[in-house]
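# Close look at the chain arrangement
The chain contents come next:
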Amino acid sequence: MVRETDKSKGKLAKLFGRRGLQSKLTLGFLALLLSVQFVAFWTIHDSVKENATQQSIAEFHTTFNTFMSFLEMQTRQLVAVANALSGDFAFKAAVVETDTETMKSILDNHRQRANSDIMALLSLEGKIIESVGVGRIEEGEMGLAKLRKQAEENGKAAGITLSGNNAMQIVVVPLMAPLPVAWVVLGFSINDKMVAHLQQIFGIHVTFTLEKGREKIILATSLPLDASRSLLSNSAEQQSLVVKSNQGSDSYYSGSYLIAQDQQTQLFALLHKSQRSMLERLKRLDNFLMALFLVILGGGAIVAYLISYSIIGPIKYLTAKARTIQGGHLDTEIMPMTNDEIGDLSIAFAEMTRNLKAQSEETLFAYKMLEQKHVQMQKLNGELDKKLFETSMLLDISKDTSRVSSFELLIGAILDKIMNMFSLDRASIMVFDESKKKFKLLLVKKRVNDQIELQEIDPLIVMDVSEGVAGQAVRTGEPVFIDDLSQDTSFKKYNNQFDHTIAALTCVPLKRQGQMIGVINLAQCENRKKLSKQDKDFLVTIASQVAIVIENSGLHEKSTTDNLTKLKNQMFFRVSLDREISLAERSSSSLCLLLFDIDHFKKFNDTYGHQTGDLVLKEVAKVVETCFRKTDVVARYGGEEFAVVMPNSTMEGGRRVAEKLRASIENHVIHSEQGPLKVTVSVGIATLTPETIDAESLIKRADEALYQAKALGRNNCQAAPTTSEMSAFTKKAS
């Protein structure tokens, strides 16, 4: 016995004794790891199997709810198609004319559109007029009669009908013309096609059964018929209860759900799922866990091998040196402790430390150079940002030039941008008269409570070219920058007044193609930041843009102005009307149009001559300009006819202004060679309405109102009637 024990110990010694500590630790660690993995694998396997089964059973109820939602979606689809058919004018006409072929064709087109099995047209009494498709509808079927009754009450009805050994999901809607003349019936048969579709969607087998008393009839199933019958016989009597039954080499879980019923028949949906498919995910998980455990086992072997490696002493030494170097002491000396791989490692570590020190010094030098470059880049970026901002401002000015129609508004917008960009307190533009050698103020802007406001201009303020800072800029052709205005004697005060808050002044001449146009004056208060050289250079660039705007304004004014009356011409009126209509639609604001002409003007011309007629047109134009706002567009429409576009004006406001215009012209005396003369005008008024959403229709309505004013004796104002007024007038006339 003792000898046998000694022999066993000898065998163990042969197995483990010749191995080092590293091998023993490795084998022991692997044995422990393998045991833990085995227990964990079976625990997870059993837990996941039970959880997968319970989860699959719970999915029965979720699938049934989703299935019912699917039926509801099909119902909505059927209702939509049935409503589309009910609103089909051609189909209504075919029904009224009893056109059988057309009715069948339209019914079949809509049936195919809905992908339904049957579509039919019933009389109001429930008789079949026409029917297409593969399904069949019984005229006297009780469920269909109930649905027709519900449709009579609610305008539509949907449900499942049970007739004989058939079941259908149908909808019923009335065919209106305009009262109900027939019933449109559209539906799906509950058959093998439907269950195959459901099985494809939900990934679960479905069986539909009819139960009449104790008799169970299979309507459709996605399983083989024998398997379905076997599962049906083992299904639970209680609704929504899931039971398990064996079927061949597999087991199935089945749940029974009531879908529809009438007095004698019930329609059930049986959901089936095999245990094999339920546990399919478990197989994938088992394979994954097995692969994971093998990876862990291999990693454990490597970890055990490294842990057991007996190099603790040299490693501690290198660790201590490494920590010293980590603290920033790159001059630390490392000596090899052994004449093996650890010693080679120590030598390599020492060489690496020396290289690291050299690289550190190079990196520090590069960092300093990079820091200098960064400062330079920041400076360049600042200059670039300013250049980009200046370019953006010039682009904005260019856009304003093409977008803003009013010259005064355009110049004002440019001054606003300049004042905001350079934090200016005042800005003005003076135009230069070459023949008189005089300056005249064109526009003045002032900052009040941090808001830029347009200032009134004294027409008496005129400067000689030999006076003031502006005169100096024009005489020399160069910009003048005065940083301390209190010390400069060339500054001329308007009306001997001087604002002591103004500290600095900039005057930049406006030149175009060598010709002096004017000067732009920019003023700053004492608490403002002084302009830099770059700012001053940019102001010169902006001044050239302002000069172009002033020069172009004269050309634009000539192309859009009537030569005789100096009012805007018809082309400008058309463009302005289209623009104002678009703005009114976007902002949901009102818009009023006036059309008026001089009464009996042809007779006036024949009596007094065309020269006097031209004088009358000029005098009327002068009166017209005094009656309207700056935002209104006043134009000569043609001949003796004029037009006015009034943004943000209602019909009431238009009537009031039109009456003021009429009275002003009537009371105005025209002094001619033939003596004092008077004329009258007839005015037509129209506003923007839902029916007049374009320029042509608005002009037409105003012209009709003008014609009515003439028909009522002339020298009066008439408004185009609104839609509601036209309807009231029509009812009254009838």
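Note that this is a predicted model, so its numbers are computed, not measured.

The next subject is the sheet that holds strand β24 (residues 717–719). Spatially, five strands are ordered β19-β20-β18-β23-β24 in an open sheet, and the strand pairing comes out mixed. Sheet topology places β19 (633–638) and β24 at the edges, where each strand pairs with a single neighbour. The sheet shows a mean angle of 20° between the axes of neighbouring strands, taken without regard to direction. Lying on the sheet, helix α17 (residues 610–626) is in contact with β18 (591–598), β19 and β20 (641–647); it crosses β18 at an angle near 150°.

Attention now goes to the nonpolar core. Counting residues in each nonpolar core, the largest one holds 45 residues, and the members touching the most others are F91, L121, F208, I259 and L267. Looking at this core element by element, the count peaks at nine residues for helix α2 (residues 21–86). The residues contacting L267, other than those within four sequence positions of it, are I160, L162, A167, I190, F208, T209, L210, L219, Y257, L258, I259 and A260. The next biggest cluster of nonpolar side chains, apart from the first, holds 32 residues, and it includes A621, M651, L677 and V683.

Moving on to a nonpolar patch on the surface. On the surface, F38, V39 and W42 cluster together to form a nonpolar patch covering roughly 340 Å² of accessible area. Note on placement: W42 falls in helix α2.

Attention now goes to the packing of aromatic side chains. Each aromatic ring pair is characterised by the separation of its centres together with the angle its planes make. Enumeration over the complete set of coordinates arrives at five aromatic pairs. Between F601 and F604, the aromatic rings sit 6.5 Å apart at their centres with planes inclined by 10°, giving stacked as the arrangement. In this pair, F601 and F604 both sit in helix α16 (residues 601–608), three residues apart, roughly one turn of the helix. Of the two residues, F601 and F604, neither departs from the other in class, the shared state being buried. A centroid spacing of 4.7 Å and a plane angle of 45° characterise the contact between F604 and Y608, whose relative ring orientation is tilted. A residue pair is termed a helical-turn pair when its members lie 3 or 4 positions apart in one helix, as F604 and Y608 do in helix α16 at four residues. Stacked on the ring of F572, the Lys or Arg K568 has its end atom at 4.6 Å from the ring centre.

Here the focus is the confidence of the model for the chain. When pLDDT is averaged along the chain, the result is 77; 76% of the residues meet or exceed 70. Considering only residues more than four positions removed or in separate chains, one finds that residues 12–18, a stretch of pLDDT under 50, has four contacts. Contacts from residues 726–734, a stretch scored under 50 in pLDDT, to residues over four places away or in other chains number one contact.

Before going further, it helps to spend a moment on the pairing of strand β10 (residues 266–274). The element β10 is largely enclosed, with a buried count of eight among its nine residues. Pairing between strand β6 (residues 205–212) and β10: seven bridges, direction antiparallel. Within β10, the position partnered with T209 by the bridge is F268.

Our focus in this paragraph is unusual backbone geometry. For D450, which is not glycine, the phi torsion reads 65° and is therefore positive. Take D450: it is sitting in the loop between β12 (438–448) and β13 (451–454). Phi angles above zero are rare outside glycine, and N715 is one such case at about 55°. Summarising the element assignment, N715 is placed in the loop between α19 (695–711) and β24. Owing to a relative accessible area of 22%, N715 belongs among the partly exposed residues under this scheme.

Once that is clear, we can look at the environment of S116. Within the secondary structure layout, S116 lies in the loop between α4 (100–114) and β1 (118–122). Separated by 53 residues in sequence, S116 and Q169 have C-alpha atoms that sit 9.8 Å apart. Each residue touching S116, except ones within four places of it in the same chain, is listed here: L78, R111, L186, G187 and F188.

With that out of the way, let us pick up the side chain of D599. Mapped onto the elements of the fold, D599 is located in the loop between β18 and α16. No salt bridge is formed by the buried D599; the nearest opposite charge belongs to R714, separated by 4.1 Å. Here T680 takes part through its side chain, which lies 2.7 Å from a polar atom of the side chain of D599. In terms of polar contacts, D599 uses its side chain to reach the backbone amide nitrogen of N715, at 3.0 Å. Contact partners of D599, with chain neighbours within four places excluded, come to T680, V681, S682, R714 and N715.

Turning our attention to the environment of L175. If you trace the backbone, L175 turns up in strand β4 (residues 166–176). Measuring from C-alpha to C-alpha, the distance between L175 and D88 comes to 9.3 Å, with 87 residues separating the pair along the chain.

Further remarks concern the pattern of salt bridges. Tallying each qualifying case throughout the model produces 12 salt bridges. Notably, a salt bridge pairs D597 with K710, separated by 2.5 Å at the nearest N-O pair. Taken as a pair, D597 in strand β18 and K710 in helix α19 lie far apart in primary sequence, 113 residues in all. Across the salt bridge formed by K602 and D606, the nearest N and O atoms sit 3.4 Å from each other. Here D606 and K602 lie together in helix α16, a separation of four residues that amounts to about one turn. Using a relative accessible area of 63% as the deciding quantity, one classes K602 as exposed.

Cut-offs applied
Residues numbered from 1 in each chain as written. Predicted model: local features only at pLDDT ≥ 70, side-chain atom pairs only at ≥ 80, totals over all residues. Heavy atoms only, no water. Pairing = 2+ DSSP bridges. Helix = DSSP H or I, 4+ residues; strand = E, 2+ residues; numbered from the N terminus. Axes fitted to C-alpha atoms, helices over the stretch in contact; angles between N-to-C directions. Contact = heavy atoms within 4.5 Å. Core = buried A, V, L, I, M, F, W, Y, C linked by side-chain atoms within 4.5 Å. Buried < 20%, exposed > 50% of the residue type's maximum accessible area, 1.4 Å probe, protein only. Patch = residues over 30% accessible without salt bridge, like charges linked within 9 Å, V, L, I, M, F, W, Y side chains within 5 Å. Areas by Shrake-Rupley, 256 points an atom, 1.4 Å probe, with all protein chains shown as cover. Salt bridge = Lys/Arg side-chain N within 4 Å of Asp/Glu carboxyl O. Phe/Tyr/Trp six-rings, centres within 6.5 Å; stacked < 30°, edge-to-face > 60°. Lys NZ or Arg CZ within 6 Å of the ring centre and 35° of its normal. pLDDT = per-residue confidence, 0-100. Lys, Arg positive; Asp, Glu negative; His and termini not counted. Polar contact = N/O pair within 3.5 Å; in protein donor to acceptor, adjacent residues only side chain to side chain.

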